[in-house]
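The primary structure of each chain is shown beneath.
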Amino acid sequence: MKFFIDTANLQEIREAAAMGILDGVTTNPSLMAKEGKPNNKETIREICGVVGGPVSVEVVAIEPDAMIKEGEEYAGWDKHVVVKLPTTKAGVKACKALADKGIKVNMTLCFSPNQALLVAKAGATYVSPFIGRLDDISENGMDVIRNILTIYRNYNYQTQVLAASIRHPMHVVDAALAGAHVSTIPFKVLEMMFNHPLTDKGLAAFLKDYEKVRKG
Ligand code: E4P
């Protein structure tokens with residue numbers, strides 16, 4: 001499974017990259033706003049330089065032609081940029097046009113297998129089902145991931161399933177068990193994944209025993 005980090009915070013991206021397990025980054029307008037800046041060439045290129053892998057940059061246009069224009073501009077910023085489009089009728093149309101030009105697209109705000117089927121047919125590189133937001137409204141986000149994976153396998157679609165809107169470490173485990181190709185993980189959740197009380201307890205005992213014999 002590929003690990004992307006779901007943030008536009010450079011410090012978090014640098015820390016995750018330093019862990020040696022980071023494959024990519026996803027941003028969105030809300031995450032950019034949290035950092036106090038809109039999508040801009042300098043920031044995105046800096047992020048691309050740190051991660052050296054796919055970096056999703058979301059368009060804010062809502063009409064197909066404007067989406068295509070904005071997407072082409074972002075794709076020109078760095079070879080690692082993946083254009084992120086909403087899963088709307090306009091977004092699917094723009095996805096098809098960009099994919100035909102060889103530009104990688106991540107279709108975001110996907111909440112159903114039908115939407116995932118449409119974006120696969122339009123040539124999306126990634127589809128991002130939002131697990132947490134489905135769970136929030138008492139729907140089963142992981143079932144949607146599983147169903148999309150089954151449909152993609154049935155027809156050998158190459159679109160990668162990117163589990164998004166992850167809220168806790170079990171979302172990552174369940175997405176991995178389902179066979180999702182990628183998880184985009186908030187930094188806080190990534191840090192939680194390292195933790196196990198038995199690791200801490202075991203390490204403390206090993207170090208204590210080592211100290212006993214070291215001192216003679
Ligand atoms: C994915 O690319 C989105 O940026 C993200 O996962 C949305 O997560 P949220 O529901 O926590 O905002």
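Rules used in this analysis
Residues numbered from 1 in each chain as written. Predicted model: local features only at pLDDT ≥ 70, side-chain atom pairs only at ≥ 80, totals over all residues. Heavy atoms only, no water. UniProt positions renumbered as here; feature names shortened; annotations may be inferred. Near = heavy atom within 4 Å. Polar contact = N/O pair within 3.5 Å; in protein donor to acceptor, adjacent residues only side chain to side chain. Areas by Shrake-Rupley, 256 points an atom, 1.4 Å probe, with all protein chains shown as cover. 1 Å grid on protein atoms, 1.4 Å probe; cavity = no way out; pocket = protein on both sides within 12 Å on 5 of 7 lines; lining within 4 Å. Sits in = over half its atoms within 2 Å of the grid points. Nonpolar A, V, L, I, M, F, W, Y, C, P; charged D, E, K, R; others polar. Helix = DSSP H or I, 4+ residues; strand = E, 2+ residues; numbered from the N terminus. Contact = heavy atoms within 4.5 Å. Axes fitted to C-alpha atoms, helices over the stretch in contact; angles between N-to-C directions. Parallel < 35°, antiparallel > 145°, perpendicular 65-115°, else oblique. Left-handed = near helix turned anticlockwise from the far one by under 90°. Core = buried A, V, L, I, M, F, W, Y, C linked by side-chain atoms within 4.5 Å. Buried < 20%, exposed > 50% of the residue type's maximum accessible area, 1.4 Å probe, protein only. Arc of directions from axis to C-beta. Patch = residues over 30% accessible without salt bridge, like charges linked within 9 Å, V, L, I, M, F, W, Y side chains within 5 Å. Salt bridge = Lys/Arg side-chain N within 4 Å of Asp/Glu carboxyl O.

An unreviewed UniProt entry lists the protein under the name Probable transaldolase, with Candidatus Korobacter versatilis given as the organism. In its Pathway (unreviewed entry) section, UniProt records this for the protein: "Carbohydrate degradation; pentose phosphate pathway; D-glyceraldehyde 3-phosphate and beta-D-fructose 6-phosphate from D-ribose 5-phosphate and D-xylulose 5-phosphate (non-oxidative stage): step 2/3." For the protein, the Sequence similarities (unreviewed entry) comment in UniProt is given as "Belongs to the transaldolase family. Type 3B subfamily."

*Asks:* Help me understand the site of the ligand in this model?
*Replies:* Neighbouring the ligand are Asp6, Thr26, Asn28, Lys84, Phe130, Arg133, Ala164, Ser165 and Arg167. Between Lys84 and the ligand, the recorded distance is 2.6 Å, taken from a side-chain N or O atom to an oxygen atom. In the model, an oxygen atom of the ligand is placed 3.0 Å from a nitrogen or oxygen of the Arg167 side chain. Coverage of the ligand by the protein chains reaches 85% of its 340 Å² of free accessible surface. Taking a 2 Å distance to the grid points as the criterion, the majority of the atoms of the ligand fall inside the largest pocket. Residue classes in the shell around the ligand are distributed as two nonpolar, three polar and four charged.

*Asks:* How should I be thinking about the UniProt feature "active site" (unreviewed entry) in the protein in this particular structure?
*Replies:* Residues annotated by UniProt as "active site" (unreviewed entry) correspond here to Lys84. Structurally, Lys84 can be placed in strand β4 (residues 81-86). What Lys84 contacts, discounting residues up to four positions off in sequence, is Thr26, Thr27, Asn28, Ser56, Val57, Glu58, Val59, Asn106 and Thr108. In terms of polar contacts, Lys84 uses its side chain to reach the backbone carbonyl oxygen of Thr27, at 2.8 Å.

*Asks:* I keep staring at the packing of helix α8 (residues 141-155) against helix α9 (residues 169-178) and nothing clicks. Help me out?
*Replies:* Helix packing geometry: the angle between the two helix axes and the distance between the axes. Two elements in contact, α8 and α9, have axes separated by 10 Å at closest approach and are oriented at 20 degrees. As summarised for this structure, α8 and α9 are arranged roughly parallel, according to the angle between their axes. As α8 runs across α9, the sense of the crossing is right-handed. Contact residues: Met142, Ile145, Arg146, Leu149 and Arg153 in α8; His171, Asp174, Ala175 and Ala178 in α9. Each residue belonging to the contact of α8 with α9 can be placed in one class, and the counts come to five nonpolar, one polar and three charged.

*Asks:* When you look at the nonpolar core in this model, what are you seeing that I'm missing?
*Replies:* Note that soluble globular proteins tend to have their nonpolar side chains buried in a common cluster. Among the nonpolar cores identified, the biggest contains 59 residues, and Leu85 and Ile145 are the most heavily contacted of them. Looking at this core element by element, the count peaks at six residues for α8. Those residues in contact with Leu85 that sit more than four places away from it in its chain are Val59, Met67, Gly91, Ala94, Cys95, Leu98, Val105, Asn106, Met107 and Thr108. Grouped together as the second largest cluster of nonpolar side chains are seven residues, Phe4, Leu162, Ala164 and Val182 included.

*Asks:* When you look at the side chain of Asn9 in this model, what are you seeing that I'm missing?
*Replies:* With respect to the helices, strands and loops of the structure, Asn9 is situated in the loop between β1 (2-6) and α1 (10-18). Overall, Asn9 belongs to the buried group, its relative accessible area being 19%. Among the polar contacts made by the side chain of Asn9, one reaches the main-chain amide nitrogen of Gln11 at a distance of 3.0 Å. Engagement of the side chain of Asn9 in a polar contact is seen with the side chain of Glu35, the distance being 3.1 Å.

*Asks:* Just checking my understanding: could you explain helix α3 (residues 41-51) for this structure?
*Replies:* Turn by turn, an α-helix covers 3.6 residues, leaving residues three or four places apart pointing in a common direction. Taken together, the buried positions of α3 are Thr43, Ile44, Ile47, Cys48 and Val51. With its buried residues spanning 135 degrees around the axis, α3 presents them on a single face. Among the exposed residues of α3, those oriented more than 90 degrees off its buried face are Glu42 and Gly49. The inward-facing, buried residues of α3 contact α1, β2 (24-26), α2 (29-34), β3 (55-58) and β4.

*Asks:* Help me understand a nonpolar patch on the surface in this model?
*Replies:* Taken together, the side chains of Met170, Val173 and Leu177 make up a nonpolar region of the molecular surface, amounting to roughly 310 Å² of accessible area. Relative to the elements of secondary structure, Met170 occurs in helix α9.

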